[in-house]
Amino acid sequence: MNTTESFTMSTLKLGLVYCSLIFNVLFVYKYLHGSHDLVDQKWSKSAAGEAEAVAAVSCSGHGRAYVDGIISGDGKPVCECNACFTGLDCSQSVPGCILDADSGNPIYLEPYWMQHAASTAIVLSGWHRMGYEYDDGSLISKELHSEIFKLHDIVKNVNTTGRYLIFGAGSTQLLGAAVHSLSLESSQPAKVVASVPYYPVYKSQTELLDSTMYKFMGDTSLQNKSDSSTNFIEFVTSPNNPDGQLKKAVLEGSNKIHDLAYYWPHYSPIVAPVDEDIAIFTLSKLTGHAGSRFGWALIKDKAVYERMVKYMDLNTYGVARETQLRALKLLQHVVQGRGNDLFEFGYGTMKRRWELLSKTLEASQRFSVQHLSSQYCTFLDSYRTPSPAFAWIKCEQEDDEECSKVVLGEAKVIGRAGSLFGAGNGYVRISLTDSQDHFNNLLNRMKKLVSQERTQSGTRLHFDTTANKTWDVEYQNMGVDQEMQGSLDGKTSVAVHLQAAITFAAT
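Residues numbered from 1 in each chain as written. Predicted model: local features only at pLDDT ≥ 70, side-chain atom pairs only at ≥ 80, totals over all residues. Heavy atoms only, no water.

## What to know about helix α6 (residues 142-155)
Logical step 1: Its 14 residues give α6 an end-to-end C-alpha distance of 20 Å, which sits within 8% of 20 Å, the value for a rise of 1.5 Å per residue.
Logical step 2: On its buried face, α6 is in contact with β6 (164-168), β11 (278-282), α9 (283-286), β12 (295-299), α11 (321-336) and α12 (340-362).
Logical step 3: Backbone geometry just downstream of α6 places Lys-156 in the positive-phi region, at approximately 60°. (Helix = DSSP H or I, 4+ residues; strand = E, 2+ residues; numbered from the N terminus. Expected span 1.5 Å × (residues − 1). Contact = heavy atoms within 4.5 Å.)

## Here's the deal with the packing of aromatic side chains
Logical step 1: In total, this model carries 20 aromatic pairs according to the counting rule given.
Logical step 2: A ring pair is formed by Tyr-198 and Phe-216, whose centres lie 5.4 Å apart and whose planes are at 70°; its orientation type is edge-to-face. Of this pair, Tyr-198 sits in the loop between β7 (190-194) and α8 (200-209) while Phe-216 is found in strand β8 (residues 214-219), placing the two residues 18 residues apart along the sequence. Exposure class is identical for Tyr-198 and Phe-216. Each is buried.
Logical step 3: When the ring of Phe-281 is compared with that of Trp-296, the centres are 6.0 Å apart and the planes differ by 20°; the resulting orientation is stacked. Of this pair, Phe-281 sits in strand β11 while Trp-296 is found in strand β12, placing the two residues 15 residues apart along the sequence. (Phe/Tyr/Trp six-rings, centres within 6.5 Å; stacked < 30°, edge-to-face > 60°. Buried < 20%, exposed > 50% of the residue type's maximum accessible area, 1.4 Å probe, protein only.)

## A closer look at the pattern of salt bridges
Logical step 1: In the structure shown here, the tally under the stated rule is 12 salt bridges.
Logical step 2: Taking the shortest distance from any N to any O, the salt bridge between Arg-366 and Glu-410 comes out at 2.7 Å. One end of the pair, Arg-366, is in the loop between α12 and β13 (367-369); the other, Glu-410, is in helix α13 (residues 403-411), and 44 residues separate them in sequence.
Logical step 3: Accessibility expressed as a relative area gives 10% for Arg-366, which makes it buried.
Logical step 4: A salt bridge links Glu-402 to Lys-405; its shortest N-O distance comes to 3.4 Å.
Logical step 5: When salt bridges that share partners are traced, they join Arg-366, Asp-400 and Glu-410 into one network. (Salt bridge = Lys/Arg side-chain N within 4 Å of Asp/Glu carboxyl O.)

## Notes on the state of the cysteines
Logical step 1: Inspection of the entire model under this criterion finds 4 disulfides.
Logical step 2: Paired by a disulfide, Cys-59 and Cys-79 hold their sulfur atoms 2.1 Å apart. The S-S bond linking Cys-59 to Cys-79 shows a torsion near -90°; that makes this disulfide left-handed. Of this pair, Cys-59 sits in the loop between α3 (44-55) and β1 (63-64) while Cys-79 sits in the loop between β1 and β2 (80-81), and the two are 20 residues apart along the sequence. (Disulfide = S-S within 2.5 Å.)

## Observations regarding the pairing of β12
Logical step 1: Across the 5 residues of β12, 5 count as buried, placing the element largely inside the fold.
Logical step 2: What you see with β12 is no split at all: Gly-295, Ala-297 and Ile-299 on one side and Trp-296 and Leu-298 on the other are buried throughout.
Logical step 3: Here β6 runs beside β12; their pairing, made up of 5 bridges, is antiparallel. Counterpart to Ile-166 in the pairing with β12 is Ala-297.
Logical step 4: With 5 bridges joining them, β11 and β12 adopt antiparallel strand pairing. Across the sheet, the residue bridging to Phe-281 is Trp-296, located in β12. (Pairing = 2+ DSSP bridges.)

## With respect to the sheet that holds β11
Logical step 1: On the basis of which strands lie adjacent, the open sheet formed by 7 strands has the order β6-β12-β11-β10-β9-β7-β8 and mixed pairing. For this open sheet the edge positions go to β6 and β8, each flanked by a neighbour on one side alone. When the angles between neighbouring strand axes are averaged without regard to direction, this sheet yields 25°.
Logical step 2: Sheet analysis places β7 next to β8, joined by 5 bridges and oriented parallel. Across the sheet, residue Ala-190 finds its bridge partner in β8, namely Tyr-214. (Axes fitted to C-alpha atoms, helices over the stretch in contact; angles between N-to-C directions.)

## So, unusual backbone geometry
Logical step 1: Cis geometry is found at the peptide bond from Val-196 to Pro-197, where omega equals -5°.
Logical step 2: Tracing the sequence through the fold places Pro-197 in the loop between β7 and α8.
Logical step 3: Note the cis peptide between Ser-238 and Pro-239, where omega equals -5°.
Logical step 4: In this fold, Pro-239 is placed in the loop between β9 (232-237) and β10 (255-259).

## With respect to the side chain of Thr-282
Logical step 1: Positionally, Thr-282 belongs in strand β11.
Logical step 2: A polar contact of 3.1 Å, which involves the side chain of Thr-282, links it to the side chain of Ser-284.
Logical step 3: A polar contact of 3.5 Å, which involves the side chain of Thr-282, links it to the backbone oxygen of Phe-294.
Logical step 4: Apart from residues no more than four positions distant in its own chain, Thr-282 is found in contact with Gly-170, Ser-171, Ala-261, Phe-294, Gly-295 and Trp-296. (Polar contact = N/O pair within 3.5 Å; in protein donor to acceptor, adjacent residues only side chain to side chain.)

## Comments concerning the nonpolar core
Logical step 1: Phe-167, Phe-294, Trp-296 and Ile-430 are the most contacted members of the largest nonpolar core, which has 69 residues in total.
Logical step 2: Excluding residues within four positions of it along the chain, Ile-430 makes contact with Ala-101, Ala-389, Phe-390, Ala-391, Ile-393, Val-407, Val-413, Gly-415 and Leu-442.
Logical step 3: Residues Val-192, Phe-216, Ile-257 and Ile-299 belong to the second largest nonpolar core, which totals 27 residues. (Core = buried A, V, L, I, M, F, W, Y, C linked by side-chain atoms within 4.5 Å.)

## Examining the packing of helix α7 (residues 170-183) against α8
Logical step 1: Relative to each other, α7 and α8 sit at 55°, their axes nearing to 11 Å. In this view, α7 runs oblique relative to α8, as classed from their interaxial angle. Relative to α8, the crossing made by α7 is right-handed. Contact residues: Thr-172, Leu-175 and Gly-176 in α7; Val-201, Tyr-202 and Gln-205 in α8.
Logical step 2: For the contact of α7 with α8, the residue count by class is 3 nonpolar, 3 polar and no charged. (Parallel < 35°, antiparallel > 145°, perpendicular 65-115°, else oblique. Left-handed = near helix turned anticlockwise from the far one by under 90°. Nonpolar A, V, L, I, M, F, W, Y, C, P; charged D, E, K, R; others polar.)

## Some words on the confidence of the model for the protein chain
Logical step 1: Residues at a pLDDT of 70 or more form 81% of the protein chain, whose mean pLDDT is 86.
Logical step 2: Counting contacts from residues 35-39, a segment whose pLDDT is below 50, to residues more than four positions away or on other chains yields 7 contacts.
Logical step 3: Segment residues 459-507 is flagged for pLDDT under 50; beyond a separation of four residues in sequence, or across chains, it makes 79 contacts in the model. (pLDDT = per-residue confidence, 0-100.)

## What to know about a nonpolar patch on the surface
Logical step 1: A cluster of nonpolar side chains, contributed by Trp-43, Val-123, Trp-127 and Met-130, occupies part of the molecular surface with about 490 Å² of accessible area.
Logical step 2: With respect to the helices and strands, the residue Met-130 is situated in the loop between α5 (117-120) and α6.
Logical step 3: The exposed category is assigned to Met-130, whose relative accessible area is 69%. (Patch = residues over 30% accessible without salt bridge, like charges linked within 9 Å, V, L, I, M, F, W, Y side chains within 5 Å. Areas by Shrake-Rupley, 256 points an atom, 1.4 Å probe, with all protein chains shown as cover.)

## A word on the side chain of Asn-255
Logical step 1: Looking at the element boundaries, Asn-255 is found in strand β10.
Logical step 2: Owing to a relative accessible area of 19%, Asn-255 belongs among the buried residues under this scheme.
Logical step 3: The residues touching Asn-255, leaving out its near neighbours within four places in the chain, are Leu-182, Glu-185, Asn-231, Phe-232, Ile-233 and Glu-234.

Printed below as a string of structure tokens:
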């Protein structure tokens with residue numbers, strides 16, 4: 001190696017040494033005085049570990065532990081048990097407990113989200129969106145806005161063209177905002193109406209606010225439809241809560257609020273896109289996340305939209321950023337799968353539950369349940385059988401004056417009284433949307449109730465005699481619950497055959 005080459009190599013080595021020194025100085029300085037980026041990249045690991053540790057608590061499959069739940073004395077999360085289960089791990093059933101079927105808690109979708117935990121989990125930093133608004137000054141996430149429109153375009157349950165979008169703390173807040181906004185369109189107080197049976201919140205919320213601008217007037221059919229000077233605000237609920245029927249507006253020329261909370265393939269055939277001035281939806285019925293308190297409204301008229309925005313600004317100043325982030329993550333998952341997985345799971349679960357309960361009540365003469373026909377669903381591209389969220393049960397006997405008290409007293413099931421829906425006490429609403437444990441318990445109790453009814457009243461048996469007459473054979477407490485057809489020579493052979501006292505009535 002000559003002198004020049006030796007000098008070049010020495011210079012190169014010296015340069016590398018200097019570069020290494022400079023890099024280490026900068027690294028130490030950044031660590032001591034900078035933002036600690038290299039350390040902060042691991043900040044989410046402890047949070048994720050905590051969430052996964054709590055999720056791993058089995059609770060015997062009859063409950064769930066939560067990160068924000070109660071912690072035991074030894075620092076372990078405490079199981080929160082499903083209805084009628086107890087114990088540290090929820091392994092003990094509670095026979096004869098009171099079963100609450102009043103609430104529409106959509107817990108039946110929990111197994112679906114457990115199957116898709118990785119794609120729908122979120123992690124929040126302590127500094128996540130601490131300000132009032134997003135960077136554009138709005139209260140609405142642009143990405144969430146976009147995902148909602150994408151989802152509706154997939155399902156085709158509402159027309160989104162030219163619509164304004166507003167967020168609320170569940171559909172309840174949006175219903176109040178819509179009534180307030182529409183009431184300002186006339187100098188006369190508005191009459192708020194809904195068709196019986198109607199969702200009780202329409203009445204209770206309107207009366208709670210006690211505004212001089214509007215008043216709840218009850219059943220739509222009782223109003224004077226020919227009075228064009230009256231300012232009506234009509235709630236149109238489709239599918240209807242409680243009976244699952246697809247409803248249309250009754251009053252011509254009225255301001256209408258379409259409550260479409262259940263207009264998703266889980267619960268209803270999508271027969272056509274709703275094309276109305278105000279359409280309200282809620283995350284709780286779509287994904288089951290009722291606790292997140294998130295809803296949205298699609299509004300055609302700009303003036304109505306602006307009044308609703310003002311109402312929401314003064315009421316809560318928008319929906320929590322954490323809620324919007326969770327809704328965004330969930331809807332991104334649904335949109336990515338074009339809704340197929342979620343709706344298949346939801347529809348399949350609700351369909352099975354409806355079939356089991358309705359079949360049980362079909363055997364009863366004391367109780368009846370609403371009739372729902374199969375209809376063509378544009379989303380499924382086929383005819384589909386019913387899958388409502390609620391059973392709207394009627395007590396058929398005059399002695400059963402308050403159906404909710406009958407179900408509570410004899411089956412220990414809490415339902416929502418029909419009088420709250422404007423329909424009278426002869427009805428009771430029973431929710432089918434809770435956990436599988438809850439539904440199994442509900443179904444068993446209704447089966448027992450119907451079975452007791454048949455045992456007490458006896459079973460009617462029909463026989464064809466040689467004289468081509470039909471004889472009704474009634475026997476008590478024989479434990480026979482099937483109808484028998486036979487050709488018998490006479491009453492004696494019947495008595496011998498059954499070995500019991502039998503009464504006959506020729507028809």
